[in-house]
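What follows is each chain in one-letter form.
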Amino acid sequence: TVLLPLSCPDRDFEGGGTAFWSQDSRGHRVEEPSIVLKPPAGTAMLFGGCVTHAGVPVGTGTRVVFVSSFSSAKDDKPVAIEEHRDIYGDSV
């Protein structure tokens, strides 16, 4: 996953960020995150899809991010993804 913030923390929004949990945690709905990152606009974050992460709700303002996820396909058929997810990554 590549996450690129396009808005500035503390100027464009309050709260927000991307939370991460350690591998030995009990999960994002049970424990507080190990770390919450709010990098400045234009600073890319790169992490594997198996890393437990979630967007943190914004208190005020607007947080804008570019997110792109990649996966290795086993066949040559394109994969269409048409589902909506909540801030925890669960399908809604």
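Everything below is about the structure shown above.
Rules used in this analysis
Residues numbered from 1 in each chain as written. Predicted model: local features only at pLDDT ≥ 70, side-chain atom pairs only at ≥ 80, totals over all residues. Heavy atoms only, no water. Pairing = 2+ DSSP bridges. Helix = DSSP H or I, 4+ residues; strand = E, 2+ residues; numbered from the N terminus. Axes fitted to C-alpha atoms, helices over the stretch in contact; angles between N-to-C directions. Salt bridge = Lys/Arg side-chain N within 4 Å of Asp/Glu carboxyl O. Buried < 20%, exposed > 50% of the residue type's maximum accessible area, 1.4 Å probe, protein only. Contact = heavy atoms within 4.5 Å. Phe/Tyr/Trp six-rings, centres within 6.5 Å; stacked < 30°, edge-to-face > 60°.

### Brief notes about the sheet that holds strand β3 (residues 18-20)
Part 1 of the argument: Taking strand neighbours across the sheet as the criterion, the three strands line up as β4-β3-β6 in an open arrangement whose pairing is antiparallel. Sheet topology places β4 (35-37) and β6 (53-55) at the edges, where each strand pairs with a single neighbour. Taking the axes of each pair of neighbouring strands and ignoring which way they run, one obtains an average angle of 25 degrees across the sheet.

### A look at the pattern of salt bridges
Part 1 of the argument: In this structure the tally under the stated criterion is two salt bridges.
Part 2 of the argument: Measuring nitrogen to oxygen at the nearest pair gives 4.0 Å for the salt bridge that ties K38 to D10. With K38 in the loop between β4 and β5 (45-46) and D10 in the loop between β1 (2-5) and β2 (13-15), the pair connects residues that are 28 residues apart, well separated along the chain.
Part 3 of the argument: Of the residues examined, K38 reaches a relative accessible area of 36% and is grouped as partly exposed.
Part 4 of the argument: R11 is paired through a salt bridge with D12; the nearest N and O atoms lie 3.2 Å apart.

### What about the sheet that holds strand β8 (residues 65-68)?
Part 1 of the argument: The strand order across the open sheet built from three strands is β5-β1-β8, with neighbouring strands paired in antiparallel fashion. Looking at the sheet topology across the chains shown, the edges are occupied by β5 and β8.
Part 2 of the argument: Across four bridges, the pairing between β1 and β8 is antiparallel. Looking at the pairing, V2 lines up with S68 of β8.

### A closer look at the environment of T52
Part 1 of the argument: Position of T52 relative to the elements: it lies in the loop between β5 and β6.
Part 2 of the argument: Residues T52 and F20 lie 32 residues apart in sequence; the distance between their C-alpha atoms is 5.9 Å.

### Description of the side chain of T1
Part 1 of the argument: Tracing the backbone shows T1 in the segment before β1.
Part 2 of the argument: For T1, a relative accessible area of 16% translates into the label buried.
Part 3 of the argument: Not counting residues up to four positions away in its chain, the partners in contact with T1 are M45, L46, F47, G49, V67, S68 and S69.

### Remarks on the packing of aromatic side chains
Part 1 of the argument: Evaluation of the coordinates by the stated rule reveals one aromatic pair.
Part 2 of the argument: Ring centres 5.0 Å apart and planes at 85 degrees place the aromatic pair F20 and F47 in the edge-to-face group. Of this pair, F20 sits in strand β3 while F47 sits in the loop between β5 and β6, and the two are 27 residues apart along the sequence. F47 matches F20 in its accessibility class, with the two residues each being buried.

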